[in-house]
Amino acid sequence: KAMADMLTSRNVKVRRHVLEVIYYMLTCSLEGCSTAGHVASAFFTLLPDFDKFPSLVYTELFALFCKLLSTGDIELNDVVGLVLKLLPWLDYARLVAKSGAAPKVCETLLVGYLGVARCLLSLLTSEEKRVIGLDHNLLVKLLTDFVFAPRPPTQEETEGAQESRRRGSASYVCESHTSRVAAFHVLMELVSGCLPNLQVLSVHIFNIFHSNPEILDLNEWDYKPNTQPKPDHGFVGLRNAGATCYLNSVLQMLYMTPKIRNAILG
């Protein structure tokens, strides 16, 4: 009870000291003990219930988990099982985003869960990564629901299809730069050393930018502000229509030159 009270203290120094004690207990004091892995695995069962903790302790708790995983000082039992315990929460984050409910899931929680997922995935074999990425569909979910918004509607699509895409394009989970980077890191870990995952990722990324692999629809690189949310940093990219990257870079350079921009747009 005393440790739980200190762990949820509003004093950040107290919280960090308690977490250092927990880290020591799970590594140094249990070194060589056969129950060390069991104790650590039991500690990790708290992950699905993190949203029940006070929000002020999220950062420190997730930092502890990642530190435990990255040092390699302990052996976890059933790492695949620990990854599977995270998936229901990530699915919950997807459902909240798709429902359009406000507010969405806590940003600190989202970044923390993604960070721990990346660390856990780094401990898996190639086949285990394939199971998590493909059999449990984590790879496609991250790509299409967390990182990239669905492809905006084209002028040639029906009105119903356009409206469907507009709703979908505003429902992806990672809206901030920090959470998108965290999701990218999970994707990179899923494909690292796992060829099946890499092949599936490559196909989906290609299809995001070119809906028809044989015929490039040049209308798709038109920028339509009303069909896709704008990034939080205020800048948007230009889609490559095929060998137009140099022209795109020139346009962006001209726009970022204040005197030229103000002369044309002012």
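First, a word on what this report is: a plain description of the structure on this page. (Residues numbered from 1 in each chain as written. Predicted model: local features only at pLDDT ≥ 70, side-chain atom pairs only at ≥ 80, totals over all residues. Heavy atoms only, no water.)

Overview of the packing of aromatic side chains
How we decide: Only centres within 6.5 Å qualify two rings of Phe, Tyr or Trp (six-membered ring in Trp) as a pair; their planes then separate them into stacked at under 30 degrees, edge-to-face at over 60, and tilted for everything else. Numbering of helices and strands runs from the N terminus, with a helix taken as a DSSP run of H or I at least four residues long and a strand as a DSSP run of E at least two residues long. For the exposure calls, accessible area comes from a 1.4 Å probe over protein chains only, and a residue counts as buried if that area is under 20% of its type's maximum, exposed if over 50%, partly exposed in between. When the NZ atom of lysine or the CZ atom of arginine is within 6 Å of a ring's centre and also within 35 degrees of its normal, the charge is said to sit over that ring.
Enumeration according to the criterion identifies 2 aromatic pairs in this entry. A ring pair is formed by phenylalanine 62 and tyrosine 113, whose centres lie 5.3 Å apart and whose planes are at 70°; its orientation type is edge-to-face. Here tyrosine 113 lies in helix α6 (residues 107-121) and phenylalanine 62 lies in helix α4 (residues 58-71), a separation of 51 residues in the sequence. Under the relative-accessibility criterion, tyrosine 113 is labelled buried at 0%. Aromatic rings pair up to connect Phe62, Trp89 and Tyr113 into one cluster. The cationic tip of arginine 261 hangs over the ring face of tyrosine 255; the distance from NZ or CZ to the ring centre is 5.1 Å.

Some points on the packing of helix α5 (residues 79-99) against α6
What counts, and what does not: Fitted lines through C-alpha atoms serve as axes, helices being fitted only where they are in contact, and the angles separating the N-to-C directions of these axes extend from 0 to 180 degrees. Roughly parallel here means an angle under 35 degrees, roughly antiparallel means over 145, roughly perpendicular means 65 to 115, and every remaining angle is called oblique. When the near helix sits turned anticlockwise from the far one by under a right angle, the crossing is termed left-handed; a clockwise turn instead gives a right-handed crossing. Contact between two residues is taken to exist if any of their heavy atoms lie within 4.5 Å; hydrogens are not considered.
Where α5 meets α6, the axes come as close as 10 Å, and the angle between the chain directions of the two elements is 155°. When the axis of α5 is compared with that of α6, the two are roughly antiparallel. The two elements α5 and α6 meet at a crossing, and its hand is left-handed. For the pair formed by α5 and α6, the contact residues are Val79, Leu82, Val83, Leu86, Trp89 and Leu90 on the first element and Leu109, Leu110, Tyr113, Leu114, Val116, Ala117, Leu120 and Leu121 on the second.

Focus on the nonpolar core
Formally: What we call a nonpolar core is a set of buried Ala, Val, Leu, Ile, Met, Phe, Trp, Tyr and Cys residues that are connected through their side-chain atoms within 4.5 Å.
Ranked by size, the top nonpolar core spans 43 residues in total, and within it Trp89, Leu90, Leu110, Leu114, Leu120, Leu142 and Phe146 carry the most contacts. Secondary structure elements with two or more residues in this core: α4, α5, α6, α8 (138-147) and α10 (177-191). Excluding residues within four positions of it along the chain, leucine 142 makes contact with Leu114, Val147, Val186, Leu187 and Leu190. Ranked by size, the runner-up nonpolar core spans 9 residues in total, among them Leu19, Val57, Leu64 and Leu68.

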